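Listed here are the chains, written in short residue letters.
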Amino acid sequence: MTAVVIGASAGGPSALQHLLSHLDASFRGPVVVVNHLGPDGPDFLADMLAKTSRLPVETARERIVAQPGVVYVAPSGYHLLLEKGGRFALSMDEKVAFSRPSIDVLFASAATAYGANLAGVVLTGANADGAEGLHLIRRAGGLAFVQDPDEAAIRTMPTAALARAGADYCGSLAHIADRINRLPR
Amino acid sequence: MSPETDPALLEELEVDLFVEVLHRRYGYDFRDYGRASLTRRIRNLVSQQGEQSIADLAARVLHQPERIGDVIAGLSVPVSEFFRDPSVFLALREVVLPALSTYSQITIWQAGCARGEEVYSLAILLTEAGLYDRTHIFATDISDAALASAKEGIYPSEDLRDAARRYLAGGGTHTLSDYYHARYDRAKMDQRLISRVTFANHNLVTDEVFCEAHLILCRNVLIYFTDVLQDRVLGKFATSLVRGGFLCVGTRENLQFSPAAQKFHAIDIKAQLYRLQGKR
Ligand SMILES: C[S@@+](CC[C@H](N)C(=O)[O-])C[C@H]1O[C@@H](n2cnc3c(N)ncnc32)[C@H](O)[C@@H]1O
């Protein structure tokens, strides 16, 4: 079973909405999302995404095992990590490049926990978070999908990811969703 | 896959080695810390210390005891904020302090106090409730470096400016600037706020309970522990607390896998405020 980790920043909520709405209801991997600049309300983003996603969306809780076919959103103010076996851990470590949650922190832990059974996705954003993490995912044998910078609301983040990690696929949100739907079950 | 071919397994082995060195050589027990976060801290330490690998760092620390202070400081995460989660401070003010005011002497244990932001926040709360003079606070942490800065009480002025809003949202009745002196970009906290605080090095993993507390504040520390260790520490807290004593953990913590947590009942789940029930 392949897990999917997704990082987004400025412009993230609507890109995530779009991407998730294209995922098959039968998709069986856990999907874990870090989005920067989350609006303050604790479960705001999860609630918003749940409205249009065919998969159930929840805020990730520490010590819970990520379930197949569920989308989890990192709570704001904490780094979210995946342990081996797919359990969530939270940390209060320093912000990384001004962000907590950090996409790199999630991606690095997921690369260690899931190895080749992982796909990392970098979407729109105005910083370089996720680039290093995506590199680690590829190095561990996982796949990297990057939103086409020309299509992204802000091109900086996907561009940085492509420069640091390259990608197995770079394209539109609908096409990335298509790749995710076809990941090995 | 064997360790020779799987870098993740190799790294796991190196982390084991490092943790074993800290434990057997220096008595610091990180064996039951969550692996994902611990591995991240150790990786950071390796690059900070200019080592090539975790195994190299393990060897270096094994033979150079003078390095252990830096290592503990590097593994500990003394990241905190004044009045983090204002609603929690409001709940402490409105629910816990009135209950504590019935005691003639109040003992509070703040476990994992980091650089002290929470200790000063708590002292301000107690001062405004008129309880400070009969309270004793034990503020503990494993990092001597963090404890030293907590005692010193000097913070970036910016941190306090950011905190002013949270202080008010937490029910503050004055202005936060009444409690510190800012000079350029540094602010020094009013030292009266720690006149009734004992700062001490205490390791939740290996050290025993040392006080009978009415309130234990331990936020965002247990998140670094495995279920087993989280449970052990909650058991220690139950031992330390008086009957009906209060426990406050971080707002995103999950106690559902700890049998010892059943000794507590939630009185405010959003603020993660619990009370020890029954007899001890
Ligand atoms: C993220 S800080 C939490 C600070 C503060 N309580 C808050 O929530 O803002 C975690 C603190 O726990 C301390 N800590 C970690 N392991 C510990 C242990 N075994 N015993 C005591 N303190 C520990 C660290 O040194 C660090 O200062």
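Residues numbered from 1 in each chain as written. Chains lettered and ligands numbered in written order. Predicted model: local features only at pLDDT ≥ 70, side-chain atom pairs only at ≥ 80, totals over all residues. Heavy atoms only, no water.

As recorded in an unreviewed UniProt entry, chain B goes by Chemotaxis protein CheR and comes from Azorhizobium oxalatiphilum.

If you look chain A up in an unreviewed UniProt entry, it shows as protein-glutamate methylesterase from Azorhizobium oxalatiphilum. As its UniProt record puts it under Catalytic activity (unreviewed entry), chain A is described as follows: "[protein]-L-glutamate 5-O-methyl ester + H2O = L-glutamyl-[protein] + methanol + H(+)". (UniProt positions renumbered as here; feature names shortened; annotations may be inferred.)

Caption draft 1: View of the sheet that holds strand β4 (residues 180-183) of chain B. Residues and elements named next belong to chain B. Taken together, the three strands give an open sheet; going across it, the order is β3-β5-β4, and neighbouring strands pair in antiparallel fashion. Both edges of this open sheet fall to β3 (154-156) and β4, since each of them pairs with a single strand only. Averaged over all pairs of adjacent strands, the angle between their axes in this sheet comes to 30°, without regard to strand direction. Of the strand pairs in this sheet, β4 and strand β5 (residues 186-189) are connected by four bridges, and their pairing is antiparallel. Counted as the bridge partner of histidine 181 is lysine 188 from β5. (Pairing = 2+ DSSP bridges. Helix = DSSP H or I, 4+ residues; strand = E, 2+ residues; numbered from the N terminus. Axes fitted to C-alpha atoms, helices over the stretch in contact; angles between N-to-C directions.)

Caption draft 2: Layout of the side chain of Ser109(A). Relative to the elements of secondary structure, Ser109(A) occurs in helix α3 (residues 103-114). A distance of 3.0 Å separates the side chain of Ser109(A) from the backbone nitrogen of Leu82(A), its partner in a polar contact. (Polar contact = N/O pair within 3.5 Å; in protein donor to acceptor, adjacent residues only side chain to side chain.)

Caption draft 3: Region of interest: empty space enclosed by the protein. Residues and elements named next belong to chain B. Applying the stated criterion across every chain, the model contains two cavities of 30 Å³ or more. Its boundaries defined by the atoms lining it, the largest cavity holds a volume of some 430 Å³. If you go around the largest cavity, you meet 28 residues; those closest to its centre are Val77, Asp141, Asn220, Val221 and Tyr224. With three residues, the single largest contributor to the lining of the largest cavity is helix α2 (residues 35-48). Of the residues in the lining of the largest cavity, the class split is 15 nonpolar, eight polar and five charged. (1 Å grid on protein atoms, 1.4 Å probe; cavity = no way out; pocket = protein on both sides within 12 Å on 5 of 7 lines; lining within 4 Å. Points joined across faces, edges and corners; volume = space filled by probe spheres on them. Nonpolar A, V, L, I, M, F, W, Y, C, P; charged D, E, K, R; others polar.)

Caption draft 4: Seen up close, helix α8 (residues 157-169) of chain B. All names here are of chain B. An ideal rise of 1.5 Å per residue puts 18 Å on 13 residues; α8 measures up with 19 Å between its terminal C-alpha atoms. The sharpest bend along α8 reaches about 35° and sits at alanine 163. Of all the residues in α8, the buried ones are Ser157, Leu160, Ala163, Arg166 and Tyr167. Packing partners of the buried residues in α8 comprise α5 (86-100), α6 (117-128), β3, β4 and β5. Of the residues one or two after α8, glycine 171 is the one with positive phi, at around 95°. (Expected span 1.5 Å × (residues − 1). Bend = angle between axes of the 7 residues up to and from the residue. Buried < 20%, exposed > 50% of the residue type's maximum accessible area, 1.4 Å probe, protein only. Contact = heavy atoms within 4.5 Å.)

Caption draft 5: Quick look at the interface of chain A and chain B. With 25 residues of chain A at the interface, the matching set in chain B holds 29 residues. Broken down residue by residue, the surface that chain A buries against chain B is led by Arg63(A), Met92(A) and Asp93(A), which jointly contribute 29%. Here chain A is connected to chain B by six salt bridges. The salt bridge partner of Asp227(B) is Arg63(A), with a shortest N-O separation of 2.9 Å. Run the count over chain A and chain B and you get 16 residue pairs in polar contact (both at pLDDT 80 or more). Elements with a minimum of two residues in the side of chain A that touches chain B: β5 (79-82), β6 (88-91) and α3 of chain A. With four residues, α3(A) is the largest single contributor of residues to the side of chain A that touches chain B. Classifying every residue of the side of chain A that touches chain B gives eleven nonpolar, four polar and ten charged. (Buried area = accessible area lost by both parts, 1.4 Å probe. Salt bridge = Lys/Arg side-chain N within 4 Å of Asp/Glu carboxyl O.)

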